Amino acid sequence: MKWALFIAVGLPLLVGPWLGLLGRALGRRVGWVAFAFPVLSTAALLWLAARPGPAAARISEWPWIPSLGIPLAFLADGLALFFGLIVSGMGVLVFWYANFYLDAHYRHHGRFYAYLTLFMAAMLGTVLANHLLLLFVFWELTGLASFLLIGFLHEEEASRVGARQALLVTGFTGLLLLAGILMVRQVTGTFALDELLRAGLPAGAHRGWLTAALLLLVLGAFGKSAQFPFHFWLPNAMAAPTPVSAYLHSATMVKLGVFLCARLFPLFVAHELWAPLLSWIGFGTMVLGAVLALQSHDLKAILAFSTVSQLGYLIGYYGLGATAGVEHDYLHILNHVLYKGGLFMIAGVVIHSTGLQDIRHLGGLGRRLPWLAGAGAVLAATMAGVIGTTGFLSKEMMLKEILEALRPHGTLGSYAAGCVLVTSVIKVAFAARFFTNVFLGPEPAAVKARFHAPPLPLQLPPLLLAAAAIGFGVFPRWLDPALDALAVPGLHRPADHLALWHGVTLEFLTSLGVLVLGAGLYGFGQRTAWRWARISPALRFDAFFEAGLGAFFRFTRGLTRTLQADRPVSYLPVVLAFALTLVGGWTAYALFRSGEALPGWVSEAARGVDWLRAFAAGLIALAALGVVGVRRWTTQVIALSVAGFLTTFYFVLHRAPDLALTQILVEVVTLILVLLLLGRFPRSAERGERTWRPPPGRRLLNGVLAVSVGGLMSTLVLWVNARPAAERVGDRLAAQTVDLAEGTNAVNTTLVDFRGFDTLGEITVLLIATLGALGLLMRYKRTPEEYRQGPLGAPGMGVHHPGEDRP
Amino acid sequence: MSLETALLIGVLFGCATWLVLHHSFVKILFGFVLLSNAANLFLLSMSGSPDGREAPIAGQTAGPLVDPLPQALILTAIVIGFGVTAYLVILLYRLFLDQKTTNAAELFAEQDTSERT
């Protein structure tokens, strides 16, 4: 069991990415290596499906993140195996098809197959996962692989836009899915699907949580399955190479939303929002998709919109399902996979052999490609629901179930029935158009000029799919054992066995009516040459999305430009204001909380005023204000020095002789250094300084910032000193300075003994500053001109401000 | 703690901030020197009032000593502050040699015009 799972999921996941490297050596032949993966996966899944056993025996676990309680847990029940077999089975056909489709015109074959294999593994992981978080991880991995595959032809604008849309939409809704999963976990306490399915969801107090979880999970499903209002990404995803469209965007990945609905069905079907939410949106999307498909002219766009339509039906179908379970969901899904995958491959062959994609420019290909035309006829008939195909069976059951749902669901049932009928009619019309306008009629000159015969193996997969559609359509009994074996309790109720002929029932008559009406619509379209078929701008949701994205980019760019300046001088006020708001705000909040008051501290601190110190402090403050107030550099330097030397005196008053000594030395050296510097500057530099004044707003801001910083620091000093003194580390140092450090001066012993590493750091900083200064001086080379002019440079060198010609 | 130290620290920080916010590099340098003085005094204010205490030299008197730890930290800070000031002075000199200006507004104004052309 574990081995089979490993071969199915783990092998492509682990080995697949290496195909990218292998592709460099093998070129396009790497596709045949990649072909092994879907074949192996299919074999492993078939082996799993053939194995009997109860549901509990169908779980396998590997440890993954034990600290978070997340194992690699897989649940191989009927639903998982059904979807898994579709994924791997379609994989076999698509990998085969891609080997002939991606000819030498394409580049990076290795990369392509690596992405495709990664996608297949992620898909299988998603449907087989038993742990909800694991499901989410694989779910997002499929979105990522889809992004890479849509953007595979990344030189083209359309590919990049489509890839981005797909990633944003499915990625965003994937996050909603994650939120929903976490809510389910919050309510039930477990991530394990099998436990959830066994125990069900608790009712009662958690109603609100569960409703929110349902909404989020369903939104996740809608995003992946391209339901309204997320339907627009799927047609744009058609920029990918056709094998990708056939695989990801019709047969498998977009079915993940349907899969999720099927998974959630037993849990949520009793919820009062389940039926309305899924049905209103699902059936509405179905009609919208069909109308858009009818109005499109691009081969792949027609198929893409019809996929949206069919996905809408499948989701709405689960919404209308009875509490006891649904009957024929597998049939509908299988039917869609057969005809839509096949039609995409046919479209691919047509594009490959003519280079034309617009249905209005095509025609008459039936004579050149008779086999393909046959397959096209069968698959288009399947899409239209003509008798003798799986499409007919599917539509019979669809109508039967809708008519049954009419009674219990009231308005919703009538709405669903109306939607299904309208869609069926439209579908007949565009299915007929697809076949006749490509394969019948006269051959346009463009086709004649460009046509080159496609290789026969390229046509094989659609032929096989058409054969399956007609085989299962005529002999539905062949499907029964497989569908019965894969039925899941809780989701399915025992179904009537399928038969080709049910007798002349209401469904059969409706079906005939639909065919006739559809043929009428087709005839009308042909007579008017489909000139009216144009998607109205009001329905171009992708354009809205792109416009919104553009507006968002412009907004962020504007915001960044507002907040960000290139100059440090412009940044500093912002940084300071932010720090002030943070520290000041917090200080104010803490003051408010503690109930202490600033006036109390002030009056308390005023009692400790020593008049000599106050005199010195006043002088220092005056000198500092002098630095701000006076204009000339030399005067400023003198004021600065006065402040520095008076600080020395202040240190003395604070019983700090070492500080006073050091400060006086440093003050002297600083004074000399600054005077040397200023002496190097020409007069004009200083004069220029004075002519440039910052704008008044900036000056006001600077003033406010300066006053706030000063006020905040004063408050902090007062506050710290108003608190009761804790035990001081310094006192212990002072007490032990003789015993431990053999020195009486506690400051000195602290520096060299107790905190010696600080001093080491200090010396290092000095060294670095010296080296930096040396580097600055040594790297400068004067031009010969400057040598001749002396150290001060040319006379008048310095600041020249516009408009400053007066001396 | 005495009120005068608190007010002095406020004035020093205010003046230093005002200067540092200027466009003139020379004023920024002066602001930095004032700022390091202010920071030193801020540290010093953490040692509490010196009234009734002696300099932190053990064995001289029986009275209580002032806290030696802030003093040791300030000593380190003074030296580092000087190192950075010296570096700034050299940097400013070099900037002047290269750009022929001591004003950020002019420096960036030149860069802006060169970007535009």
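Since the structure is predicted, the reported quantities are computational estimates derived from the model, not experimental observations. (Residues numbered from 1 in each chain as written. Chains lettered and ligands numbered in written order. Predicted model: local features only at pLDDT ≥ 70, side-chain atom pairs only at ≥ 80, totals over all residues. Heavy atoms only, no water.)

**Focus on the overall build of chain A**
Our working definition: Only DSSP runs of H or I reaching four residues or more are called helices, and only runs of E reaching two or more are called strands; each is numbered from the N terminus. For the exposure calls, accessible area comes from a 1.4 Å probe over protein chains only, and a residue counts as buried if that area is under 20% of its type's maximum, exposed if over 50%, partly exposed in between. What makes two residues a contact is simply this: any of their non-hydrogen atoms within 4.5 Å. Areas reported here follow the Shrake-Rupley algorithm with a probe of radius 1.4 Å; residue values treat only the protein chains shown as occluding. The charged-residue count follows a simple rule in which Lys and Arg add positive charge and Asp and Glu add negative charge, with His and chain termini not counted at all. Where a charge sits is defined by one atom per residue type, namely NZ (Lys), CZ (Arg), CG (Asp) or CD (Glu).
Along chain A, the regular secondary structure elements total 35 helices and 2 strands. Its C-alpha atoms give chain A principal-axis dimensions of about 115 × 70 × 55 Å. With 807 residues in all, chain A has 53% of them scored as buried. When contacts within chain A are restricted to residue pairs at least 6 apart in sequence, those whose partners lie at least 24 apart make up 79%. For chain A, the accessible area works out to roughly 35,700 Å², and carbon and sulfur atoms hold 69% of it. Treating the 60 positive side-chain charges of chain A as one cloud and the 43 negative ones as another, the clouds have centres 9 Å apart.

**Quick word on the overall build of chain B**
Each helix and strand in chain B was counted, giving 4 helices and 0 strands. Listing each helix as α and each strand as β along chain B from the N terminus yields α-α-α-α. Counting only C-alpha atoms, chain B reaches 75 × 25 × 15 Å along its principal axes. The buried share of chain B, reckoned over its 117 residues, is 63%. Across chain B, every contact between residues at least 6 apart in sequence was considered, and the portion connecting residues at least 24 apart equals 52%.

**Considerations on a nonpolar patch on the surface**
All names here are of chain A. Which entries qualify depends on this criterion: The patches described consist of residues with a relative accessible area above 30% and no salt bridge, like charges being joined within 9 Å and nonpolar side chains (Val, Leu, Ile, Met, Phe, Trp, Tyr) within 5 Å. For this analysis, a salt bridge means a side-chain nitrogen from Lys or Arg found within 4 Å of a carboxyl oxygen belonging to Asp or Glu.
Taken together, the side chains of F645, I664, L665, V668, V669, I672 and L676 define a hydrophobic patch exposed on the protein surface, amounting to about 600 Å² of accessible area. The dominant element in the nonpolar patch, judged by the number of residues it contributes, is helix α29 (residues 657-680), at 6 residues. Counting through the fold element by element, L676 comes out in helix α29.

**Let's talk about the packing of aromatic side chains**
Residues and elements named next belong to chain A. Put simply, the test is: Each Phe, Tyr or Trp ring, with Trp reduced to its six-membered ring, pairs with another whose centre is within 6.5 Å; inter-plane angles below 30 degrees give stacked pairs, above 60 give edge-to-face pairs, and intermediate values give tilted ones. Criterion for a charge above a ring: Arg CZ or Lys NZ at most 6 Å from the ring centre, at most 35 degrees from the ring normal.
Under the criterion given, the structure shown has 34 aromatic pairs over all chains. Seen in terms of ring centroids, F541 and F544 are 5.7 Å apart; in terms of plane orientation they differ by 55°. Their pairing is tilted. Of this pair, F541 and F544 both sit in helix α24 (residues 541-563), 3 residues apart, which is roughly one turn of the helix. Exposure remark for F544: the relative accessible area of 45% places this residue in the partly exposed category. Put simply, the rings of F265, W274, F283, Y313, Y317 and Y318 touch in pairs and so form one group of aromatic residues. Above the ring of F191, the side-chain terminus of R185 is found at 5.3 Å from the ring centroid. Seen from the ring of W530, R433 lies directly overhead, with NZ or CZ sitting 4.3 Å from the centre.

**Structural notes on the nonpolar core**
What counts here: Only buried residues count toward a nonpolar core. Its members are Ala, Val, Leu, Ile, Met, Phe, Trp, Tyr and Cys residues joined through side-chain atoms within 4.5 Å.
In terms of nonpolar packing, the biggest core is built from 199 residues, with W233, Y247, W274 and Y318 of chain A touching the most fellow members. For this core, the element with the highest residue contribution is helix α4 (residues 78-101) of chain A, accounting for 16 residues. Ignoring anything within four residues of it in the chain, the contact list for Y318 of chain A reads V258, C261, A262, F265, W274, L278, V326, D329, I333 and L491 of chain A. Formed by 75 residues, the second largest nonpolar core is a distinct cluster that contains I620 of chain A together with A6, L12 and F42 of chain B.

**A few points about the interface of chain B and chain A**
To keep things clear, this is the line we draw: A 1.4 Å probe defines the accessible area here, and the buried area is the portion of it lost by two parts on being joined, summed over both. By the criterion applied in these results, polar contacts are pairs of N or O atoms within 3.5 Å in which, for protein atoms, one can donate a hydrogen and the other can accept it, and in which residues neighboring in sequence qualify only through two side-chain atoms.
Listed per partner, the contact involves 85 residues of chain B and 101 residues of chain A. Both faces combined, the contact of chain B with chain A buries some 8,500 Å², and carbon together with sulfur accounts for 74% of it. Three residues stand out in chain B for area buried against chain A, namely W18, L21 and F30 of chain B, and they jointly supply 9% of the buried area on that side. At the surface where chain B touches chain A, the tally comes to 3 salt bridges. Across the pair R613 of chain A and E4 of chain B runs a salt bridge, and its minimum N-O distance is 2.9 Å. Applying the counting criterion to the chain B and chain A interface returns 16 residue pairs in polar contact (both at pLDDT 80 or more). Among the elements of the structure, α1 (3-20), α2 (25-45), α3 (68-99) and α4 (104-116) of chain B are those that each provide at least two residues to the side of chain B that touches chain A.

**Considerations on the packing of helix α9 (residues 207-224) of chain A against helix α12 (residues 256-268) of chain A**
Two packed helices can be described by the angle between their axes and the distance between those axes. Residue and element names in this part refer to chain A. Here is the rule: Whenever a helix is involved, its axis is fitted only over the stretch in contact; in every case the axis is a line through C-alpha atoms, and angles between N-to-C directions fall within 0 to 180 degrees. We call two directions roughly parallel when the angle between them is under 35 degrees, roughly antiparallel when it is over 145, roughly perpendicular when it lies between 65 and 115, and oblique otherwise. For any pair of crossing helices, the crossing counts as left-handed if the nearer helix is rotated counterclockwise from the farther one by less than a right angle, and right-handed if it is rotated clockwise. When residues are grouped by polarity, Ala, Val, Leu, Ile, Met, Phe, Trp, Tyr, Cys and Pro land in nonpolar, Asp, Glu, Lys and Arg in charged, and all others, Gly among them, in polar.
Interaxial distance between α9 and α12 falls to 7 Å at its minimum, and their mutual angle equals 160°. The angle between α9 and α12 places the two elements in the roughly antiparallel class. For α9 against α12, the interelement crossing comes out left-handed. Contacts between α9 and α12 involve L210, L214, L217, A221 and K224 on the former and, on the latter, L256, G257, L260, C261, L264 and F268. Per-class residue counts for the contact of α9 with α12 are 9 nonpolar, 1 polar and 1 charged.

**Let's talk about the pattern of salt bridges**
Residues and elements named next belong to chain A. Inspection of every chain in the model, using the stated rule, returns 16 salt bridges over all chains. Of the charged contacts in the structure, one is a salt bridge between R263 and D77, with a shortest N-O distance of 3.0 Å. Of the two residues, R263 is situated in helix α12 and D77 in the loop between β2 (70-75) and α4; the sequence distance between them amounts to 186 residues. The burial state of R263 is the same as that of D77; both residues are buried.

**Quick notes on the side chain of H249 of chain A**
Residue and element names in this part refer to chain A. Looking at the element boundaries, H249 is found in helix α11 (residues 242-251). Residue class for H249 comes out buried when judged on its relative accessible area of 0%. Ignoring any residue separated from it by four or fewer positions in sequence, one finds H249 in contact with S146, I150, W233, L234, A237, M238, V244, V254, T307 and F344.

**Some words on the environment of L177 of chain A**
Checked against the element boundaries, L177 of chain A lands in helix α7 (residues 157-188). In this structure, the C-alpha to C-alpha distance between L177 of chain A and F147 of chain A, residues 30 residues apart in sequence, is 18 Å.

**Some details on the confidence of the model for chain B**
Low-confidence regions, as indicated by low pLDDT, have predicted coordinates that should not be scrutinised in detail. Let me state the cut-off plainly: In predicted models, pLDDT denotes the confidence assigned by the predictor to each residue on a 0 to 100 scale.
Mean pLDDT over chain B: 85, with 91% of residues reaching 70 or higher. Predicted complex, confidence summary: ipTM 0.92, pTM 0.71.

**Quick look at the packing of helix α27 (residues 611-629) of chain A against α1 of chain B**
Two elements in contact, α27 of chain A and α1 of chain B, have axes separated by 9 Å at closest approach and are oriented at 10°. For the element pair α27 of chain A / α1 of chain B, the angle class is roughly parallel. Of the residues in α1 of chain B, those in contact with R613, A614, A617, I620, A621, A624, L625, V627 and V628 of chain A of α27 of chain A are E4, L8, V11, L12, C15, W18 and L19 of chain B. Grouping the constituent residues of the contact of α27 of chain A with α1 of chain B by class yields 14 nonpolar, no polar and 2 charged.

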